[in-house]
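These are the residues of each chain, in order.
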Amino acid sequence: MDRVDGTPPWVARELPALGSPDLWLLRVSDAAAGALDEAVLDVTERRRAAALVHGRDRVRFTAAHVALRRLLGAYLRRPPEEIRFGRETCPCCGGPHGRPTVLGPGRDELFFSLSHRGDLALVGTAAVPIGVDVDLVADPEAGAELATMLHRTEQRELAALPPALRPRALARLWTRKEAYLKGLGSGLGRDPSLDYVGSAPGGPAPPAGWTLLDVPVDRGYAAAVAVRGELAVPDPTVVRLEGPLAAELVRAAPPVLLTGGRPS
């Protein structure tokens, strides 16, 4: 499932084919090796970054959002600073805070999801609704509180495990659940206890109409992707953005964007 793509990610890319999502895993510490291109962010993103208390959180947020804009710009043949975001209708309450979307051409062709935690940021793109989540394996005390929010069967599965195995199993389960809820567009506005996704290491239990997969990430983390419908391949490729490639993707002197070919 892992690979390093030979084509730089800021070069114009074809939109993901139906059933073939793209997954991008960014190592934040490598991306932050140079000056981050904050100029491509909009006013809202800059305010959100400035509101974060810890410097490492601001760096992670900025790197993740610059990378997202560069990737979306490559798909849509637009400069990253010209990407505009909106929200779809929330499926829980009908409010304007559902799944994030790009505005303008490509809105109905390119779906995306972003998650970042610790030293990792995960971006998923697809031709259909998609959700991704990456998280740290929590300590037992923090995990115990989180477990109370799960489906009853999931709670029983975790309780049956030896204590040493529960934190990893919970992280695996929670990222599956968050990825699915992001794909739905509800996020945690939908009660996490309503949907069973399972905690077994052999693979999740996808809700009807969805594909749900674990994403291989670094030790100490868990990650998952949820895609509406079936996949054309059983394991989507993960492009690992590390080292100089990560730094180049988000650096302040922006890469050259190839243009042309995308209908308006």
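Residues numbered from 1 in each chain as written. Predicted model: local features only at pLDDT ≥ 70, side-chain atom pairs only at ≥ 80, totals over all residues. Heavy atoms only, no water.

1. Examining the overall build of the protein
Check the secondary structure of the protein and you find 7 helices and 10 strands. Computed over the C-alpha atoms, the radius of gyration of the protein is 18 Å, within 12% of the 18 Å expected from 2.2 N^0.38 for a compact globule of 264 residues. For the C-alpha atoms alone, the extent of the protein along its principal axes is close to 55 × 35 × 35 Å. A burial count over the protein gives 48% of its 264 residues as buried. Entry remark: accessible area of the protein is about 12,200 Å², with carbon and sulfur atoms responsible for 55%. Taken as two groups, the 32 positive and 32 negative side-chain charges of the protein have centres that lie 2 Å from each other. (Helix = DSSP H or I, 4+ residues; strand = E, 2+ residues; numbered from the N terminus. Rg over C-alpha atoms; globule rule 2.2 N^0.38 Å. Buried < 20%, exposed > 50% of the residue type's maximum accessible area, 1.4 Å probe, protein only. Areas by Shrake-Rupley, 256 points an atom, 1.4 Å probe, with all protein chains shown as cover. Lys, Arg positive; Asp, Glu negative; His and termini not counted. Charge placed at Lys NZ, Arg CZ, Asp CG, Glu CD.)

2. Some remarks on the nonpolar core
Within the largest apolar cluster, 31 residues are counted, with the highest numbers of intra-cluster contacts made by Trp-24, Leu-26, Leu-72, Leu-76 and Val-250. Of all the secondary structure elements, the ones that give two or more residues to this core are β2 (22–27), α1 (28–31), α3 (55–76), β5 (111–117), β6 (120–126), β10 (238–241) and α7 (243–250). Here the element with the most residues in this core is α3; it accounts for 9 residues. By size, the runner-up hydrophobic cluster in this structure holds 19 residues, among which are Leu-122, Leu-213, Val-227 and Val-238. (Core = buried A, V, L, I, M, F, W, Y, C linked by side-chain atoms within 4.5 Å.)

3. As for the pattern of salt bridges
Going through the model one piece at a time under the given rule, you end up with 18 salt bridges. Measuring nitrogen to oxygen at the nearest pair gives 2.7 Å for the salt bridge that ties Asp-214 to Arg-176. Of this pair, Asp-214 sits in strand β8 (residues 210–214) while Arg-176 sits in helix α6 (residues 166–184); the two residues are 38 residues apart in sequence, bridging distant segments of the chain. Judged by its relative accessible area of 0%, Arg-176 falls in the buried class. A cluster of three or more residues bridged by salt bridges with shared partners is formed by Arg-27, Asp-30, Asp-119, Asp-218, Arg-240 and Glu-242. (Salt bridge = Lys/Arg side-chain N within 4 Å of Asp/Glu carboxyl O.)

4. Some points on the pairing of β6
Within β6, 7 of the 7 residues are buried, which leaves it mostly tucked inside the rest of the structure. Burial of the side chains of β6 extends over both faces: Leu-120, Leu-122, Gly-124 and Ala-126 are buried on one face and Ala-121, Val-123 and Thr-125 on the other. Of the strand pairs in this sheet, β5 and β6 are connected by 7 bridges, and their pairing is antiparallel. Across the sheet, the residue bridging to Phe-112 is Thr-125, located in β6. (Pairing = 2+ DSSP bridges.)

5. A short note on unusual backbone geometry
Phi at Arg-77 takes a positive value of approximately 60 degrees, unusual for a residue other than glycine. Within the secondary structure layout, Arg-77 lies in the loop between α3 and β3 (85–87).

6. Things to note about the packing of helix α4 (residues 140–147) against α6
α6 packs onto α4 with a crossing angle of 45 degrees between their chain directions and a minimal axis gap of 10 Å. Taken as axis vectors, α4 and α6 run oblique relative to one another. As α4 runs across α6, the sense of the crossing is left-handed. Residues Pro-140, Gly-143, Leu-146 and Ala-147 of α4 lie in contact with α6, whose contacting residues are Pro-167, Leu-170 and Trp-174. Residues that form the contact of α4 with α6 fall into these classes: 6 nonpolar, 1 polar and no charged. (Axes fitted to C-alpha atoms, helices over the stretch in contact; angles between N-to-C directions. Parallel < 35°, antiparallel > 145°, perpendicular 65-115°, else oblique. Left-handed = near helix turned anticlockwise from the far one by under 90°. Contact = heavy atoms within 4.5 Å. Nonpolar A, V, L, I, M, F, W, Y, C, P; charged D, E, K, R; others polar.)

Honestly, it's all geometry; don't read function into it.
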